[in-house]
Amino acid sequence: MNSSEEPRGRRTVAFLGESKAVYRGEELVKPATLEEALDDAAHQAYAGGVEDVHVVQIAFTAGNPHIKELRVIVTPGA
């Protein structure tokens, strides 16, 4: 690429929604849920001026027998 060419691609923003299980000692009080992680990501996106999003990643930390932590990454969509 020479200096007169414009860079290609575009920059985007991503929002991370999280849900974490809550324990009291060894007892599970509240499991991590996909709904809570999506809701967290949606609130962050809306606060950032974005209403339509695409889920680009779902990641979680497995526990026994429940999911301990769940993360959702969303980006602006159309």
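Scope of this entry: the structure provided in the associated data block. None of the values given here were measured: they were computed from a predicted structure. (Residues numbered from 1 in each chain as written. Predicted model: local features only at pLDDT ≥ 70, side-chain atom pairs only at ≥ 80, totals over all residues. Heavy atoms only, no water.)

### Some words on the environment of aspartate 52
Right, so step 1: With respect to the helices, strands and loops of the structure, aspartate 52 is situated in the loop between α1 (34-47) and β4 (53-62).
Right, so step 2: Note: C-alpha distance between aspartate 52 and tyrosine 23 (29 residues apart in sequence) is 34 Å.
Right, so step 3: With residues up to four places along the chain from it excluded, the contact list for aspartate 52 reads Thr75, Pro76 and Gly77. (Helix = DSSP H or I, 4+ residues; strand = E, 2+ residues; numbered from the N terminus. Contact = heavy atoms within 4.5 Å.)

### Describing the sheet that holds β4
Right, so step 1: In space, the three strands of this open sheet follow the order β1-β5-β4, with antiparallel pairing throughout. Bordering the open sheet on either side are β1 (15-20) and β4, each of which pairs with just one other strand. Within the sheet, the average angular offset between the axes of one strand and its neighbour, ignoring direction, is 15 degrees.
Right, so step 2: Strands β1, β4 and β5 (67-76) of the sheet are contacted by α1, whose axis makes an angle of about 145 degrees with β1. (Pairing = 2+ DSSP bridges. Axes fitted to C-alpha atoms, helices over the stretch in contact; angles between N-to-C directions.)

### Re the pairing of β1
Right, so step 1: Across the two faces of β1 the burial differs, with Phe15, Gly17 and Ser19 buried and Leu16, Glu18 and Lys20 not buried at all.
Right, so step 2: Relative to β5, β1 is paired through six bridges, and the arrangement is antiparallel. Paired with leucine 16 across the strands is isoleucine 73, a residue of β5. (Buried < 20%, exposed > 50% of the residue type's maximum accessible area, 1.4 Å probe, protein only.)

### Notes on a nonpolar patch on the surface
Right, so step 1: A grouping of Leu34, Leu38, Val55 and Ile58 is seen on the molecular surface, where their side chains present a nonpolar patch of about 320 Å² in accessible area.
Right, so step 2: Taken together, the elements giving at least two residues each to the nonpolar patch come down to α1 and β4.
Right, so step 3: Inspection of the secondary structure puts leucine 38 in helix α1.
Right, so step 4: By relative accessible area, which is 33% here, leucine 38 ends up partly exposed. (Patch = residues over 30% accessible without salt bridge, like charges linked within 9 Å, V, L, I, M, F, W, Y side chains within 5 Å. Areas by Shrake-Rupley, 256 points an atom, 1.4 Å probe, with all protein chains shown as cover. Salt bridge = Lys/Arg side-chain N within 4 Å of Asp/Glu carboxyl O.)

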